[in-house]
Amino acid sequence: MNAAVATTIFGVFMVGTVALGLFAVRGRGGGGGLAEWSVGGRSLGAVFIWVLMAGESYTSFSYLGAAGWGYNYGAPVLYVVAYMSCGYAVGYVVGPMVWSYARRHNLVGITDMVAHRFDRPWLGAVVALLTTVFLLPYIQLQITGMGVVVSTISYGAISLNWGYFISFAVTTGFVVVSGLRGSAWVSVLKDVLVIGTLGFLAVYVPLHYFDGYGPLLDRLVAEKREWLTLPGHGGSGLGGAWFVTTSLLNALTVVIFPTTVAGYLGARSADALRRNAIWLPAYNVLLFVPMVLGLAALFVVPGLAGADSNLALFTLVVDSLPAWAVGIIGVAAALSSVVPMAVFMLVIGTMWGRSVLSLVPRWKTRQKGAAQVVVVAAGTIALILTYAAPNTLVRLSLISYEGMAQLLPILLLGLVWRRLTLAGALSGLAVGVGVVCALVFTGHDPVWGINAGIVALAANLVVALAVTYAGPADRDTRPDRDVLARDPLLDDAPDGNPPDGNPPDGDLPGAAPAGGDADGGAPDRSAPDGDDPDGDDPVGGVRPATV
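J.: How do you make sense of the overall build of the chain when you look at a structure like this?
T.: Per the secondary structure count, the chain includes 21 helices and zero strands. Buried residues in the chain amount to 59% of all 547 residues. For the chain, the share of sequence-separated contacts (at least 6 apart) that also reach a separation of at least 24 residues comes to 82%. On the chain, roughly 19,400 Å² of surface is accessible, and the fraction owed to carbon and sulfur atoms is 68%.

Here it is as structure tokens:
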């Protein structure tokens, strides 16, 4: 009976989630073209952008991985709060720059930006392939997390394997039909449930099991002191140096993570991004709840080992709450997987549809359809990896971040420093990816107590700078406006647009007059709104290599 009640509630909400995604894109011509599907038509307001980008904070990791690491190690898990908060501060500067750059040149993702910056369409395909490799573990993480939730709230009636498949099926169907706009709408529902359930558990669990926080904390200090300081329990090697380097690396990386950039590009204005960067750190306060409850589970369900530690929080939920409450908390946790997983699958599809398959003539004018096919393929590969190569949730997350960090020089440094050459950027990228893979897959992470990703990033930067200064100067003759990114507030608005980067008539900023660019550069060959009349996008936004 408990299983029937909980799974019925879960099923109703999942059907409602897909329906809400369809409702979000109603009246938009079947979802519109690639720009509408992938970045919400660049028209999402502050509230939708806020809840969408907050999805980076609350994923299945919030209910499972954070509690699991609190259970296994203790204090090292606080790096999540540290890097997210610092990342929002970096995003206050980077977000508006990326938004303005992409909007000016009609770009819809990081692969577009790299290809446009170095004026090489094939470079976007290279970055898309590499990014996909490092994003698939994160999709696998969300499939694993939601599968665990489904199996747990069904009281074991649904196996983990079926739980994984349900996660894949629901999310794939959702993202194919609704795109980024649907994810933003569902994020509102998700955030209401997340805030409500975590707030409830923060009060309920300590009172139910320990008669309040005082007895719980007293017992932690008396019996589990090792969990309360770095490097935490178990000789993990996650000490102060690891904490600082991981927080720094992830704070820089999160601002160029494709899902974060999708949130940037979906915004209606740069000011919406600045407001979000100010308020989003407050949203991280609730992350302390699963961390503390993971510590509480040490006394209630001792002996969980390996991946089973991810069940620490949900074991408390299933053990002490009625089935209907278990179902609702399960829905909140499941939506915390669906929303970020949908955005990850969406950006992979967008990258391939825009930068890889568009190089094939027959797909050039069918980018949205190609992207949707790739979404299904990426989800299928992640599902197979979930069955064939399961891993703990935080380990998967770290692999994604350490690999994605190697794109920082070619993307972020390239957008603000014109001297960086293509040879230098590619050489650094190759070295960085090689170093991080060698360290991670040989079990040397952390290395010398330092995050392996930041060691690889340092090698990446050294090589990129050395090759840049040793080689010939960049021969790109385009003006700085076409190559580099600027904060809209610093823009002197030579084209008559207001300083916030929003054109008065709703068209792209800096729209070139017929025959040339607003500042004398080559004419912009991109479509004015990113969509052609039949709803599919041409290969706009990236000029052919003519220099």
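J.: Looking at this model, I keep getting lost on the environment of Y101. Mind explaining?
T.: If you trace the backbone, Y101 turns up in helix α5 (residues 79-105). On the basis of relative accessible area, Y101 is assigned to the buried category, the value being 0%. Here the alpha-carbon distance between Y101 and D487, two residues 386 residues apart in the chain, equals 8.7 Å. Among residues more than four places away in sequence, those in contact with Y101 are L107, M113, H116, R117, L415, D482, V483, L484 and A485. One polar contact links Y101 to H116, side chain to side chain, over a distance of 2.9 Å.

J.: What's the story with the packing of aromatic side chains in this structure? I'm lost.
T.: Considering all chains together, one arrives at 18 aromatic pairs under this definition. Relative to F344, the ring of Y138 has its centre 4.6 Å away and its plane inclined at 15°; by these criteria the two rings are stacked. Placement of the pair is Y138 in helix α7 (residues 121-153) and F344 in helix α15 (residues 323-356), with a sequence separation of 206 residues. Of the two residues, Y138 and F344, neither departs from the other in class, the shared state being buried. Among the aromatic residues, those joined into a cluster by ring pairs are W69, Y73, Y79, Y83, Y138, W242, F257, F344 and Y401. R117 extends its terminal NZ or CZ atom over the ring of F118, reaching a point 4.5 Å from the ring centre.

J.: So what exactly am I meant to see when it comes to the pattern of salt bridges here?
T.: When the charged atoms of two side chains with opposite charge come close together, those side chains can pair. All told, the structure shown has six salt bridges when counted by the stated rule. Across the salt bridge formed by D191 and K190, the nearest N and O atoms sit 3.3 Å from each other. On the basis of relative accessible area, D191 is assigned to the buried category, the value being 4%. Given the relative accessible area of 0%, K190 is considered buried. A salt bridge links E223 to R219, with the shortest nitrogen-to-oxygen separation between them at 3.2 Å. With a gap of four residues between them, E223 and R219 both fall in helix α9 (residues 213-223), about one helical turn apart. Its relative accessible area of 33% is what places R219 among the partly exposed residues. Via salt bridges that share partners, D271, R274 and D487 belong to a single interconnected network.

J.: Honestly, helix α20 (residues 452-470) in this entry has me stumped. Any pointers?
T.: For the α-helix, the turn length of 3.6 residues means that residues three or four positions removed from each other point alike. The terminal C-alpha atoms of α20, which comprises 19 residues, lie 27 Å apart, in line with the 27 Å expected from a rise of 1.5 Å per residue. Looking at α20, one finds that the buried residues are A452, G453, I454, A456, L457, N460, A464 and T468. For α20, the capping residue at the N-terminal end is N451, with a side-chain oxygen 2.6 Å from the backbone nitrogen of G453.

J.: Would you mind going over the environment of L295 with me for this structure?
T.: Here L295 shows up in helix α13 (residues 288-300). Judged by relative accessible area, which is 11%, L295 ranks as buried. The contact partners of L295, leaving out residues within four places of it in the chain, are G70, G74, L220, W227 and L228.

J.: Can you walk me through a nonpolar patch on the surface in this structure?
T.: There is a patch of nonpolar side chains on the surface, built from Y92, V93, I278 and W279 and spanning about 450 Å² of accessible area. For the nonpolar patch, the secondary structure elements donating two or more residues are α5 and α12 (270-283). Owing to a relative accessible area of 36%, Y92 belongs among the partly exposed residues under this scheme.

J.: Sorry, what's going on with the packing of helix α14 (residues 312-320) against α15 here?
T.: For any two helices packed against each other, one specifies the inter-axial angle together with the distance between the axes. Between α14 and α15, the shortest axis-to-axis distance is 10 Å and the interhelical angle comes to 160°. Judged by the angle between their axes, α14 and α15 are roughly antiparallel. Contacts between α14 and α15 involve F314, V317 and V318 from the former and V326, I329, G330 and A333 from the latter. Taken together, the residues of the contact of α14 with α15 sort by class into six nonpolar, one polar and no charged.

J.: Quick question: what am I supposed to make of the nonpolar core here?
T.: Among soluble globular proteins, nonpolar side chains are generally buried collectively. Ranked by internal contacts, the top residues of the largest apolar core, which has 135 residues, are Y63, M113, I139, L407 and I410. Here this core gets 20 residues from one element, more than from any other, and that element is α15. With residues near it in sequence (within four places) discarded, Y63 still touches L193, V194, T197, L198, L313, F314, I329, A332, A333 and S336.

What counts as what
Residues numbered from 1 in each chain as written. Predicted model: local features only at pLDDT ≥ 70, side-chain atom pairs only at ≥ 80, totals over all residues. Heavy atoms only, no water. Helix = DSSP H or I, 4+ residues; strand = E, 2+ residues; numbered from the N terminus. Buried < 20%, exposed > 50% of the residue type's maximum accessible area, 1.4 Å probe, protein only. Contact = heavy atoms within 4.5 Å. Areas by Shrake-Rupley, 256 points an atom, 1.4 Å probe, with all protein chains shown as cover. Polar contact = N/O pair within 3.5 Å; in protein donor to acceptor, adjacent residues only side chain to side chain. Phe/Tyr/Trp six-rings, centres within 6.5 Å; stacked < 30°, edge-to-face > 60°. Lys NZ or Arg CZ within 6 Å of the ring centre and 35° of its normal. Salt bridge = Lys/Arg side-chain N within 4 Å of Asp/Glu carboxyl O. Expected span 1.5 Å × (residues − 1). Patch = residues over 30% accessible without salt bridge, like charges linked within 9 Å, V, L, I, M, F, W, Y side chains within 5 Å. Axes fitted to C-alpha atoms, helices over the stretch in contact; angles between N-to-C directions. Parallel < 35°, antiparallel > 145°, perpendicular 65-115°, else oblique. Nonpolar A, V, L, I, M, F, W, Y, C, P; charged D, E, K, R; others polar. Core = buried A, V, L, I, M, F, W, Y, C linked by side-chain atoms within 4.5 Å.

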